[in-house]
Amino acid sequence: MATRRDDTPSVATYADHEVITPPHELRKAVSQATAYDHDDPIARAEAALVGLSTEFSSWMQSECERLEAARQNIKRLGFTEKTHDALFRAAHDIKGEAATFGFPEVAGVAESLCRLIEHTPQSARIPIKPGDQHVDAVRAIIREHARSDVGDVAGALTKRLREVTDDFLKRENSFRPDYLENIFSPPLAPGGAGT
């Protein structure tokens, strides 16, 4: 097929349909690499992460302080839309950053706290004690990260906190069986159930 040079779409007409081919404008935005270019963007990104990795521990500590501040605001002000959102965002950020920052063991506890916050129908009913236990567990796992058994301890904490959270959510959502089914059914594999 010949390369088109103008910016108009081509139209091929058949007995029962037409095929419209838009102009290829992406090529204008892409630069061509020469045989002498040895730039590998993935290698560059990995090198940048290695350069930043010395900061990961302090960044995770800052996230931990943000989580603690959110908890303290809830204790002081109660669950408001603002305090609820701050606690959820802090936990959600820790969950998402855990593996990248080198603290994968903390992701499960942060995810359990997110579930507690997100799936409790009325935020005022979120119990303080399990919330405190989640925040304390996150802080302890980050603080004790250098221990050789941190994976085992974090796994046990995550399992127990998830059980407590799930029991609470089942009670709180008992009037919504369809919702319960959605939050407790395993996610489907990409492409659907049969793949």
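Residues numbered from 1 in each chain as written. Predicted model: local features only at pLDDT ≥ 70, side-chain atom pairs only at ≥ 80, totals over all residues. Heavy atoms only, no water.

A separate point is the packing of aromatic side chains. Overall, the coordinates contain one aromatic pair when judged by the stated rule. For the pair Trp 59 and Phe 101, a centre-to-centre distance of 5.6 Å together with 55° between the ring planes defines the contact as tilted. A residue pair is termed long-range when its members are at least 10 positions apart, and Trp 59 in helix 2 (residues 41-77) and Phe 101 in the loop between helix 3 (81-97) and helix 4 (107-119) qualify at 42 residues. Take Phe 101: its relative accessible area is 14%, and that puts it in the buried class. Taking the ring centre of Tyr 179 as reference, the NZ or CZ of Arg 176 above it sits at 3.9 Å. (Phe/Tyr/Trp six-rings, centres within 6.5 Å; stacked < 30°, edge-to-face > 60°. Helix = DSSP H or I, 4+ residues; strand = E, 2+ residues; numbered from the N terminus. Buried < 20%, exposed > 50% of the residue type's maximum accessible area, 1.4 Å probe, protein only. Lys NZ or Arg CZ within 6 Å of the ring centre and 35° of its normal.)

Let us now look at the pattern of salt bridges. Two side chains bearing opposite charge may form a pair once their charged atoms approach each other closely. Inspection of every chain in the model, using the stated rule, returns 16 salt bridges. Among the salt bridges present, the one from Asp 166 reaches Arg 115, with a minimum N-O distance of 3.1 Å. Taken together, the residues Asp 166 in helix 6 (residues 150-172) and Arg 115 in helix 4 connect sequence positions 51 residues apart. Across the pair, Arg 115 and Asp 166 agree in class, each one buried. (Salt bridge = Lys/Arg side-chain N within 4 Å of Asp/Glu carboxyl O.)

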